[in-house]
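Here's the letter readout for the chains.
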Amino acid sequence: MTRLRKPIIASTAGCAVLALSLAGQAALAQDRAALMEEHRGGTMILTAVSAAGTLDPMINYTSQFWQIFQLTYDGLLKFKQGDRAEGFVIVPDLAEALPEPEDGGLTYTFQLRDGIRFSNGDVVTASDVVASFQRIFKVNSPTSGSFYNNIVGADLCIAEPATCTLDGGIEGDDEAGTVTFHLMQPDSEFFAKLAVPHASVLPAGTPTEDAGTEAIPGTGAYVIASYDPNSEMVLTRNPEFTEWSVDAQPDGYPDEIVYRFGISQEAAVTAIQNGQIDWMFDPPPTDRLPELGTQYADQIHVNPLAAFWYAPMNTNLAPFDDVRVRQALNYAVDRNALVGLFGGPVLAQPVCQILPPDFPGHVDNCIYTQDPGPQWSAPDMERALALVEESGTAGQEVTIVAEDNATSRAIGTYLQSVLTELGYDAKVTAISPNIQFTYIQNTDNNVQISISQWYMDYPAASNFLNVLLSCASFTPGSDSSVNISGYCNEELDARMHAAMALSITDPDAANAEWALIDTAFMEQAPMVPLFTPKNIDFVSSRVGNFIFSNQFRWVISQSWVQ
Amino acid sequence: MADTSTSSPAVPGGIAAGERASRRARRGQSPWVRAWLILRRDRAAILAAIVLVIIVVASLLAPLYAAHVSRTDPFRSNLSGSITIDGQSVAIMQSSTQGLGLGVVPIGPTWRAQYLLGADAQGRDVAARLLYGGRNSLLIAGASTLICLVLAALVGTCAGFFGGATDMVLSRLLDVLWAFPVYLLAISLSIVLISQGITIGPVEIKSGSLLLPIGIIGIIYVPYIARPVRGRVLALRGSEFVLAARGLGIPRWRILRKDILPNVATTLIVYIPLMMALNIVTESALSFLSIGVQAPDASWGTIMQDGQTLLYTRPVVALAPGLAVVATVLALNVLGDGVRDALDPRTKLR
């Protein structure tokens, strides 16, 4: 009986859930239509201290403009424009569905949706997709060698970008509307790599050079009507847009979005308080936080970020070429103090691991704390001093290279104080944020220790560990050597490759391995993880329906201003 | 004598009897003594000098203040520390407990020995840093003034006294320096030198050394002093007493030493307080822009920069060094006016 009734109950329950789900979706669609009718229109005004460079979605590698590209460009796949963790879900965008892997994960065939047009009126075809992937290499996209190097033919494209064809790696059939990818090795992160703006589908005739300040036609709900990095960017509705997936590219509420540049954080806060501006990209200045947290609490949104602030130590330069010195600094740094510098425990969380909390592969385990255990508790200065004494490096000169902004400089000053306490002759140099990230990467600049941040591109442990610490990420003498510590450990490299392969068949086992790799890296201490920041958005009182995606932050188009 | 001259009623159409007596008395005095007598009658200048002495002495006593009064290390971050006020432990960095609990604010002025003016964003005692900062600001201003005056005197005197090709070459060099807006020149030099340091022959000045802002500030103002010095020397060279000396066959170097330099010296002395005031402002500006005094050292400019991020919650961090600069510059300017009135032969001494 029991055996008989169980399937009946299950099927009945299943039908009920399906019915509820369909009814729920219909209700949501109805709600959305009603909301759209009520709130559609108006001009939303955003601001940032500065623009973020080129409008080319295949070249720009900033969270600031990746957020904008969500509204203007589409790829075959996309991260869902949903709330919180829903933002990590990969959904079909220009493709009709997520394809099943073929040939043991070496081949993927995407079926394009019919009738989607670029903002210039042209229909999106398979040829556009093929040309777009060739263009990634032709314009030397910053991730061409890391995200897309697994496509067959990519090695030739990396060697000779100008003549890139990705022959044998990508096939497009305009008649059938299909695009087929052939990979050199199975890649568990392939979908995620297709869902970031560097894999945007652009018209086949797009020039194979950096678009700079000229917007390339896209398929998104909005088009960039004008852009002057010194003043503003204006986005208007894409006249060719019709909503095909509310998850991937939903229609937006505001008619126009104006993004102003050159307004200081202080001025932006005041302007938002006065209702002159709707949102600021940069975090509010720390001295305004108590005021905002008390008087404007309804307009503040605090959300977690998959990111961390860290201090990469150059493992090839003294004194940090000695692992004991690197460990000493890890023991000595008071993470709580740094959390305070960032705005307090509501806005940051102390960490002593590379993978952020609640991130795939993260397991709480702190080895550089007074009582080693799951969490960081307090600095262990005695142990740190003992390690420095053992290393015999006390008295050496150390220069910390920070960004010339309040938070980075404050962290630099704090680290200088800690290093001085450890017996070093330490000083801080703050250089322009525009060049600091490339400056600290180039080994020619002999940077000993710096302050940097890393925000994930997509939710995978490799996006932290493999990107920041693999041997392949270390290119001496290059401005593009994101392994800033210059740490190359072939054994850990091999383990990372194995974990990436394992994640195709057994993601859980792979994540467990990533946790061990994280600990193994921290034993060698090529960096000092400082804290995981939280995102703070301060919006004007007229902004409604604030949705925060853990992947690309605030979903701008889904908020209304009227 | 000073009181007599100032309080004597003036005789219409003539000089007061007291003033005549005073002038007779002055004829027997050296110009320096006469200048001092005039200066000490200038109450504003004396008050300014007293203020300056207080500031200098207080700055010199910074280590004592930090060690025995505030009992803190003003160069070490103290983000997790606390102090005891009225028997209660108070955190130096205080997390907000209201509303959403956003932000961490350093302790404000306690008006006690410890953290008299509160803490900065690194939890350091603002009062102790203010005194240490004053040492560096005054040292840089003083040393750069000395460099500037020595160079300006050398260049101006040579150009004015020797004339001809020497004058042409030196004047054009000054023109080149003068062609750059002074702050643009200072900022450009600082950006290049502060981070890299400089090596001149066997002498190496490391990045972050105080010698760099001293040298940069000392050099950029040279044309502003050398020009008037050259003009003064040119005027002196054509004056009757110099012509007479030359007619008597006195060697040029002796004319320079005995007749020209003593007269130029008064001009230079007048410039000392004024240039110091200018140099303090310049140093503060460069340090505020992160291209002057470098951490861990402090100056009034760097403290102002520290306070920039606390303007809403702890304005005293920026205001205190700002007021220190204002007070010092005001005092130097008032003293400078007094010194000029006392020394400048074209005004009171004539």
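Structure first, text after, so check above.
Predicted model, so just to flag it, every value in this text is computed and none were measured. (Residues numbered from 1 in each chain as written. Chains lettered and ligands numbered in written order. Predicted model: local features only at pLDDT ≥ 70, side-chain atom pairs only at ≥ 80, totals over all residues. Heavy atoms only, no water.)

## Quick notes on the overall build of chain B
- When helices and strands are counted, chain B shows 14 helices and 6 strands.
- By its C-alpha atoms, chain B is 85 × 60 × 30 Å across when sized along the principal axes.
- Here chain B holds 350 residues, and 48% of them are scored as buried.
- Sequence separation of at least 24 residues holds for 65% of the intrachain contacts in chain B that already meet a minimum separation of 6.
- For chain B, the computed accessible surface area is about 17100 Å², with 65% contributed by carbon and sulfur atoms.
- Looking at charge distribution, chain B has the averaged site of its 31 positive side-chain charges lying 10 Å from that of its 18 negative ones. (Helix = DSSP H or I, 4+ residues; strand = E, 2+ residues; numbered from the N terminus. Buried < 20%, exposed > 50% of the residue type's maximum accessible area, 1.4 Å probe, protein only. Contact = heavy atoms within 4.5 Å. Areas by Shrake-Rupley, 256 points an atom, 1.4 Å probe, with all protein chains shown as cover. Lys, Arg positive; Asp, Glu negative; His and termini not counted. Charge placed at Lys NZ, Arg CZ, Asp CG, Glu CD.)

## As for the overall build of chain A
- Looking only at helices and strands, chain A features 15 helices and 20 strands.
- A globule of 562 residues ought to have a C-alpha radius of gyration of about 24 Å, and chain A, at 25 Å, matches this closely.
- Expressed as a percentage of the 562 residues in chain A, the buried residues total 58%.
- Sequence separation of 24 or more characterises 70% of the internal contacts of chain A that already satisfy a separation of 6 or more.
- If you sum the accessible surface of chain A, you get close to 21700 Å²; carbon and sulfur atoms cover 51% of it. (Rg over C-alpha atoms; globule rule 2.2 N^0.38 Å.)

## Quick word on the side chain of Ser-557 of chain A
- Following the sequence through the fold, Ser-557 of chain A ends up in the segment after strand 20 (553-554).
- Beyond its immediate chain neighbours, meaning those up to four positions away, Ser-557 of chain A contacts Leu-71, Tyr-222, Pro-250, Asp-251, Gly-252, Tyr-253 and Pro-254 of chain A.

## Quick word on a nonpolar patch on the surface
All names here are of chain B.
- Together, Val-53, Val-57, Leu-61 and Leu-64 line one region of the surface with nonpolar side chains, adding up to about 340 Å² of accessible area.
- Relative to the assigned elements, Val-57 resides in helix 4 (residues 43-60).
- For Val-57, a relative accessible area of 39% translates into the label partly exposed. (Patch = residues over 30% accessible without salt bridge, like charges linked within 9 Å, V, L, I, M, F, W, Y side chains within 5 Å. Salt bridge = Lys/Arg side-chain N within 4 Å of Asp/Glu carboxyl O.)

## Concerning the pairing of strand 7 (residues 222-227) of chain A
Residue and element names in this part refer to chain A.
- Summarising the sheet, strand 7 and strand 8 (residues 232-237) pair through 5 bridges and their orientation is antiparallel. The residue bridging Val-223 from the neighbouring strand is Thr-236, located in strand 8.
- Remark: 4 residues form the turn of the hairpin made by strand 7 and strand 8, two consecutive strands paired antiparallel. (Pairing = 2+ DSSP bridges.)

## So, the interface of chain B and chain A
- Tallying the contact residues gives 30 residues for chain B and 37 residues for chain A.
- Of the roughly 2500 Å² buried between chain B and chain A on both sides combined, carbon and sulfur atoms contribute 56%.
- Taken as a group, Leu-100, Leu-102 and Tyr-312 of chain B account for 25% of the area that chain B buries against chain A, more than any other trio of residues on that side.
- Counting across the chain B and chain A interface gives 2 salt bridges. (Buried area = accessible area lost by both parts, 1.4 Å probe.)

## Some points on helix 2 (residues 63-72) of chain A
- Counting buried positions along helix 2 of chain A yields 9 of 10 residues, so the element is predominantly enclosed.
- Looking only at helix 2 of chain A, the buried set comprises Gln-64, Phe-65, Trp-66, Gln-67, Ile-68, Phe-69, Gln-70, Leu-71 and Thr-72 of chain A.

## Some remarks on the pattern of salt bridges
Residues and elements named next belong to chain A.
- With the rule as written, the count across this model stands at 28 salt bridges over all chains.
- Note that Arg-237 and Asp-251 form a salt bridge whose closest N and O atoms lie 3.3 Å from each other. Taken together, the residues Arg-237 in strand 8 and Asp-251 in the loop between strand 8 and strand 9 (256-261) connect sequence positions 14 residues apart. Of the two residues, Arg-237 and Asp-251, both sit in the buried class.
- Glu-513 is the salt-bridge partner of Arg-495, the closest N and O atoms lying 3.0 Å from each other. Residue Arg-495 is found in helix 14 (residues 490-505), and its partner Glu-513 is found in helix 15 (residues 507-524); the two are separated by 18 residues along the sequence.

## Points about the sheet that holds strand 4 (residues 107-111) of chain A
Residues and elements named next belong to chain A.
- Strand order in the open sheet formed by 3 strands is 4-6-5, with antiparallel pairing between adjacent strands. Of all strands in the sheet, those with a lone pairing partner are strand 4 and strand 5 (170-173), marking the two edges. Neighbour-to-neighbour, the strand axes of the sheet open up by a mean angle of 15°, direction not taken into account.
- The pairing of strand 4 with strand 6 (residues 178-182) spans 5 bridges and is antiparallel. Note that in strand 6 the partner of Gln-111 across the bridge is Thr-178. (Axes fitted to C-alpha atoms, helices over the stretch in contact; angles between N-to-C directions.)

## Some details on helix 3 (residues 31-41) of chain B
- Turning to helix 3 of chain B, its buried residues number three or more, namely Ala-35, Leu-37, Ile-38 and Leu-39 of chain B.
- Turning to helix 3 of chain B, the residues buried within the fold contact helix 4 and helix 14 (316-343) of chain B.

## Remarks on the sheet that holds strand 15 (residues 425-431) of chain A
Residues and elements named next belong to chain A.
- As summarised here, the arrangement of the 3 strands in space is 15-14-16, forming an open sheet in which the pairing is parallel. Every other strand in the sheet has two partners, leaving strand 15 and strand 16 (449-450) as the edge strands with one partner each.
- Where strand 14 (residues 397-403) meets strand 15, 7 bridges bridge the pair, whose relative direction is parallel. The partner of Ile-400 across the bridge, within strand 15, is Val-428.
- Contacting strand 14 and strand 15, helix 11 (residues 406-421) crosses the sheet at an angle of about 165° to strand 14.

## Some details on the state of the cysteines
- Considering all chains together, one arrives at 3 disulfides over all chains under this definition.
- At a sulfur-sulfur separation of 2.0 Å, the disulfide partner of Cys-471 of chain A is Cys-488 of chain A. Judged by the sign of its S-S torsion, about 100°, the cystine formed by Cys-471 of chain A and Cys-488 of chain A is right-handed. Remark: Cys-488 of chain A occurs in the loop between helix 13 (462-469) and helix 14 and Cys-471 of chain A occurs in the loop between helix 13 and helix 14; sequence separation between them is 17 residues.
- Residue classification places Cys-488 of chain A among the partly exposed positions, given a relative accessible area of 41%.
- Sequence-ordered numbering of the bonded cysteines in chain A gives a pairing of 1-2, 3-4, 5-6.
- A disulfide-free cysteine, Cys-148 of chain B has its sulfur positioned 16 Å from the sulfur of Cys-158 of chain B, the nearest such atom. (Disulfide = S-S within 2.5 Å.)

## Some points on unusual backbone geometry
- The peptide bond linking Ala-318 of chain A to Pro-319 of chain A adopts the cis configuration, its omega dihedral lying at 0°.
- Its place among the elements puts Pro-319 of chain A in the loop between strand 12 (307-312) and helix 8 (323-332).
- For Asn-446 of chain A, which is not glycine, the phi torsion reads 50° and is therefore positive.
- The backbone of Trp-111 of chain B sits at a positive phi, close to 55°, despite the residue not being glycine.
- Mapping Trp-111 of chain B onto the fold places it in the loop between strand 4 (104-106) and helix 6 (126-162).

## Overview of the environment of Asn-550 of chain A
Residues and elements named next belong to chain A.
- Take Asn-550: it is sitting in the loop between strand 19 (548-549) and strand 20.
- Of the residues examined, Asn-550 reaches a relative accessible area of 14% and is grouped as buried.
- Here the alpha-carbon distance between Asn-550 and Ala-306, two residues 244 residues apart in the chain, equals 7.5 Å.

## Some details on the packing of aromatic side chains
- One pass over the structure, following the stated rule, counts 37 aromatic pairs over all chains.
- Ring geometry for Phe-79 of chain A and Phe-552 of chain A: centres 5.9 Å apart, planes at 75°, overall edge-to-face. One end of the pair, Phe-79 of chain A, is in strand 2 (residues 77-79); the other, Phe-552 of chain A, is in the loop between strand 19 and strand 20, with 473 residues separating them in the sequence.
- Ring pairs connect the aromatic residues Phe-65, Phe-69, Tyr-73, Tyr-227, Tyr-259, Phe-261, Trp-279, Phe-281, Phe-546 and Trp-554 of chain A, which therefore count as one cluster.
- Residue placement shows Arg-288 of chain A over the ring face of Tyr-312 of chain B; its charged tip is 3.8 Å from the ring centre.
- Against the face of Tyr-455 of chain A rests Arg-553 of chain A, its NZ or CZ located 4.9 Å from the ring centre. (Phe/Tyr/Trp six-rings, centres within 6.5 Å; stacked < 30°, edge-to-face > 60°. Lys NZ or Arg CZ within 6 Å of the ring centre and 35° of its normal.)

## Concerning the packing of helix 6 of chain B against helix 9 (residues 211-220) of chain B
Residues and elements named next belong to chain B.
- Taken N-terminus to C-terminus, the directions of helix 6 and helix 9 make an angle of 40°; their axes are 8 Å apart at the nearest point. Relative to helix 9, the element helix 6 is oriented oblique. Both helix 6 and helix 9 take part in a crossing whose hand is right-handed. Between helix 6 and helix 9, the contacting residues are Ile-140, Ala-143, Ser-144, Ile-147, Cys-148 and Leu-151 on the first element and Pro-213, Ile-214, Ile-217, Gly-218 and Ile-219 on the second.
- Looking at the contact of helix 6 with helix 9 residue by residue, the class counts come to 9 nonpolar, 2 polar and no charged. (Parallel < 35°, antiparallel > 145°, perpendicular 65-115°, else oblique. Left-handed = near helix turned anticlockwise from the far one by under 90°. Nonpolar A, V, L, I, M, F, W, Y, C, P; charged D, E, K, R; others polar.)

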